[in-house]
Amino acid sequence: MSTQSEGERVRGWLTGRLPAEWFEGEPEVSIDRDEILVVGRIAAPEQGDGVSAAERSAAEEGRIKQFREDTREKRIEIARELEHATRRKVAWGVRAGETRTVFTSLSAPVMTRLRQPERQVLDTLVDAGVARSRSDALGWCVKLVAQHSESWLGDLREAMAKVEDVRRAGPDSTED
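Residues numbered from 1 in each chain as written. Predicted model: local features only at pLDDT ≥ 70, side-chain atom pairs only at ≥ 80, totals over all residues. Heavy atoms only, no water.

Colleague: Would you explain the overall build of the protein in this entry?
Modeller: Along the backbone of the protein there are five helices and four strands. Mapped in sequence order, the helices and strands of the protein form the string α-β-β-α-β-β-α-α-α. Overall, the C-alpha framework of the protein stretches about 65 × 50 × 30 Å when taken along its three principal axes. Within the protein, counting contacts between residues at least 6 apart in sequence, those at least 24 apart form 55% of the total. Summed over all atoms, the accessible surface of the protein reaches about 12,900 Å², with 50% contributed by carbon and sulfur. Looking at charge distribution, the protein has the averaged site of its 28 positive side-chain charges lying 5 Å from that of its 33 negative ones. (Helix = DSSP H or I, 4+ residues; strand = E, 2+ residues; numbered from the N terminus. Contact = heavy atoms within 4.5 Å. Areas by Shrake-Rupley, 256 points an atom, 1.4 Å probe, with all protein chains shown as cover. Lys, Arg positive; Asp, Glu negative; His and termini not counted. Charge placed at Lys NZ, Arg CZ, Asp CG, Glu CD.)

Colleague: How do you make sense of the pattern of salt bridges when you look at a structure like this?
Modeller: For side chains of opposite charge, pairing can occur when their charged atoms come near one another. Inspection of every chain in the model, using the stated rule, returns 14 salt bridges. A salt bridge links Arg 56 to Glu 60, with the shortest nitrogen-to-oxygen separation between them at 2.9 Å. Of the two residues, Arg 56 and Glu 60 are both situated in helix α2 (residues 53-86); the distance of four residues between them amounts to about one turn of the helix. Accessibility expressed as a relative area gives 29% for Arg 56, which makes it partly exposed. The shortest N-O distance in the salt bridge between Glu 83 and Lys 89 comes to 3.9 Å. On the basis of relative accessibility, which here comes to 45%, the residue Lys 89 falls in the partly exposed class. What emerges from the salt-bridge pattern is a single network uniting Arg 17, Lys 74, Glu 77 and Glu 81. (Salt bridge = Lys/Arg side-chain N within 4 Å of Asp/Glu carboxyl O. Buried < 20%, exposed > 50% of the residue type's maximum accessible area, 1.4 Å probe, protein only.)

Colleague: Even after reading the chapter, I still don't get the environment of Glu 46, so can you show me in this structure?
Modeller: Within the secondary structure, Glu 46 is located in the loop between β2 (35-42) and α2. On the basis of relative accessibility, which here comes to 79%, the residue Glu 46 falls in the exposed class. Remark: the alpha-carbon pair of Glu 46 and Glu 61, spanning 15 residues in sequence, is separated by 13 Å.

Colleague: Would you explain the pairing of strand β1 (residues 28-31) in this entry?
Modeller: Residues in a regular strand project their side chains so that they alternate between the two faces of the sheet. Summarising the sheet, β1 and β2 pair through four bridges and their orientation is antiparallel. Paired with Glu 28 across the two strands is Val 39, which belongs to β2. Hairpin connection from β1 to β2: three residues lie between these consecutive antiparallel strands. (Pairing = 2+ DSSP bridges.)

Colleague: What exactly am I supposed to notice about α2 here?
Modeller: Turn by turn, an α-helix covers 3.6 residues, leaving residues three or four places apart pointing in a common direction. Between its terminal C-alpha atoms α2 stretches only 40 Å, short of the 50 Å expected from 34 residues at 1.5 Å a residue. Of all bends in α2, the biggest is about 65 degrees, found at Arg 72. Regarding α2, the residues found buried are Glu 60, Ile 64, Phe 67, Thr 71, Arg 75, Ile 78, Ala 79, Leu 82 and Thr 86. Trailing α2 by a residue or two, Arg 87 shows a phi angle of about 60 degrees, which is positive. (Expected span 1.5 Å × (residues − 1). Bend = angle between axes of the 7 residues up to and from the residue.)

Colleague: Just checking my understanding: could you explain the packing of aromatic side chains for this structure?
Modeller: The full count for this structure, using the stated rule, is four aromatic pairs. Aromatic side chains Trp 22 and Trp 92 sit 6.1 Å apart centroid to centroid with 80 degrees between the ring planes, which places their arrangement in the edge-to-face category. Taken together, the positions of Trp 22 in the loop between α1 (3-17) and β1 and Trp 92 in strand β3 (residues 89-96) put the pair 70 residues apart, joining distant regions of the chain. Accessibility assignment for this pair places Trp 22 and Trp 92 in one class, buried. Note on Phe 23 and Phe 67: the rings are 5.6 Å apart at their centroids and 40 degrees apart in plane angle, and the pair reads as tilted. Of this pair, Phe 23 sits in the loop between α1 and β1 while Phe 67 sits in helix α2, and the two are 44 residues apart along the sequence. (Phe/Tyr/Trp six-rings, centres within 6.5 Å; stacked < 30°, edge-to-face > 60°.)

Okay, structure coming up:
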């Protein structure tokens, strides 16, 4: 099954399975080889105009914590069903106002070979206190690259989806 059609099936399944009162609109669904991440928007707490950024942030964090506790059992049940159907772990997150929190997300080991110059970059980040370990430093680097190259990565993902469509339409296609 292609990544695009699998994503559509997962989003469709979640639309039918998630309680309607949980999220404002459709949740954001991200899928990779190991994990499905579902992030929904919930109502931010009502606050006056003169509220400080710290107070707003604390209120949003409190609302997210309440949602997490109130929906725990049902989220676990839904995750187990989806994990069984897709053979991927399911992680949950919520956005309230400007605050986005992912509850529990899979941390997958990735094997890589780095030459000394690349290791020195990681060690500099560790020595500077930016990261606790080389592993954390590598994760930090990946996030930084993703932030600064999102449009390029989006173009690449779009091109890969087109390649998948062409493969599906090839001579071994089962679609008619």
